[in-house]
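Each chain, written out:
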Amino acid sequence: MKLTVNKEQIIEGLLKAAAIIPAKAGAQYLRSIWLKAEEGSLSVMSTDANIEFTGRYPAEVAAPGLIGVQGRAFVDLVRQLPTGVLHLTLDETSGNLLLEQGRRTYKLPVSGAEWFQNFSAFPAENAVTWSGDFLQDILDKVGFCISDDDAMDAIACLCMKPRGNGRIDVCGLNGHQFALVSFTHDELAERLPEGGMLIQKKYLADIKKWLGVDEIELNITDKRLYLRSLDGAETLSLPRAAHEYPDYNIFMSKLASEDMHPMTLARKEAIEALGRILIFNTESDRCTYMDLSAGEALLSAQGQDVGSANESLEVAYNGDIKRIAFPTRNLLDVLGHFVSAKIDMMLTGSEGPCGIRGADDADYTVIIMPMKVSETTYYSEEDV
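Treat the numbers as computed from the prediction; the structure is a model and nothing was measured.

Moving on: the UniProt feature "domain: DNA polymerase III beta sliding clamp C-terminal" (unreviewed entry) in the protein. UniProt feature "domain: DNA polymerase III beta sliding clamp C-terminal" (unreviewed entry): in the numbering of this structure it lies at residues 263-371. With 18% helix and 47% strand, residues 263-371 has end C-alpha atoms that lie 18 Å from one another.

Structure representation (structure tokens):
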């Protein structure tokens, strides 16, 4: 193998490839970034045995070949080199890769092609075009509500499910919070299986790192999700989870019941007040208590060692629920994912699910569970 390539054209792809390599892996195949020189291009490939990344970049290839290099060391070296042309040559005698730039020369050990296992090819038939920045926004709005515990099976996954008439729900659930984004995409809705597609949360960060603002191509098989840049240069694929997602319509329907009491308040003022209330929360008392009346919500918290706090928020409210408590940090996190100046909190009971929506956050709903308030134990977490 012998080729010449510009650092600027491959460094971003190398960083994406290195991000996938597991920090600790016994298999040499998984520690490697694979370099494949073909006519006019250099392909960069990496995998953690589940996610697969392939990037193809222009290069002047004098001799084709396929080798694996110690991934993180190779990327660190290229990253620290100045911009300019890199010469890569496989020394057949020593079996090392020679990397040269000007008067700099480096020798790196390689893995032979016999260690390489073929990657899944992007299935071009019936591929769907989608906006990369729109997908990025959806992952931000939903991902924080997905459980971090892989043992939780379905609720450790993002769910993307067709609803009919081209509508699609994307949602995440962790037991005490639920987020739902709905949108219309006729072609994607047709490609999605009727029961939905589940992707484990641990893969979402890799998708977000790979995504840009440009349009992408997407395709789905029985076992994998494929994403590809519109020019075909980069491909990311990852496994689908085989769990059955809970029926979230059960608790979504409660937001439309006659027992729902809406409360409207200013989002920015609420975030600022909750930030101050948070100072007075402790490990044993991490709630904001709300005493509700027409036009006002009195917020309070009391910590044994830090004192107490009381704040008043102007609200539009005319419901029967007089007192409710929410975990302060969780409620702050939820409000931070909205952009609307005013938000509606749809209260279904002092211990029932509370939906949150905003006029400028179209088709976006987050549900947060209140904490149970009692005489002896002020709060205990409830499940959706």
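What follows is about the confidence of the model for the protein. Residue-level pLDDT values for the protein average 92, and 96% of them are 70 or greater. Long-range and interchain partners of residues 375-381, a stretch whose pLDDT sits below 50, account for 16 contacts in this model, where long-range means more than four residues apart.

The next subject is the pattern of salt bridges. Within the structure shown, the criterion is met by 14 salt bridges. Because the salt bridges share partners, they merge into one network encompassing Glu-12, Lys-16 and Glu-234.

Direction of pairing for strand β7 (residues 85-91) relative to strand β8 (residues 96-101): antiparallel, over a ladder of five bridges. Bridge assignment links Asp-91 to a residue of β8, and that residue is Asn-96. Here β7 folds back onto β8 in antiparallel fashion, the turn holding four residues, of which Gly-95 has a positive phi close to 75 degrees. Pairing geometry for β8 and strand β9 (residues 104-111), over six bridges, is antiparallel. Residue pairing for β9: Leu-98 is matched across the bridge by Lys-107. Hairpin geometry of β8 and β9 is characterised by an intervening segment of two residues between the two adjacent antiparallel strands and by a positive phi of about 60 degrees at Gly-102.

What follows covers the environment of Ala-256. Relative to the helices and strands, Ala-256 is located in the loop between α7 (249-252) and β18 (261-266). As for Ala-256 and Glu-215, which are separated by 41 residues in sequence, their C-alpha atoms are 36 Å apart.

The interhelical angle for the contact between helix α8 (residues 267-278) and helix α9 (residues 328-335), taken along N-to-C directions, is 155 degrees, at an axis separation of 10 Å. Taken together, α8 and α9 sit at an angle that is classed as roughly antiparallel. Crossing handedness for the pair α8 and α9: left-handed. Residues Arg-267, Ala-270, Ile-271, Leu-274, Gly-275, Ile-277 and Leu-278 of α8 touch α9, and the partners they reach there are Thr-328, Arg-329, Leu-331, Leu-332 and Leu-335. Looking at the contact of α8 with α9, its residues break down into eight nonpolar, two polar and two charged.

Conventions we followed
- Residues numbered from 1 in each chain as written.
- Predicted model: local features only at pLDDT ≥ 70, side-chain atom pairs only at ≥ 80, totals over all residues.
- Heavy atoms only, no water.
- UniProt positions renumbered as here; feature names shortened; annotations may be inferred.
- Helix = DSSP H or I, 4+ residues; strand = E, 2+ residues; numbered from the N terminus.
- pLDDT = per-residue confidence, 0-100.
- Contact = heavy atoms within 4.5 Å.
- Salt bridge = Lys/Arg side-chain N within 4 Å of Asp/Glu carboxyl O.
- Pairing = 2+ DSSP bridges.
- Axes fitted to C-alpha atoms, helices over the stretch in contact; angles between N-to-C directions.
- Parallel < 35°, antiparallel > 145°, perpendicular 65-115°, else oblique.
- Left-handed = near helix turned anticlockwise from the far one by under 90°.
- Nonpolar A, V, L, I, M, F, W, Y, C, P; charged D, E, K, R; others polar.

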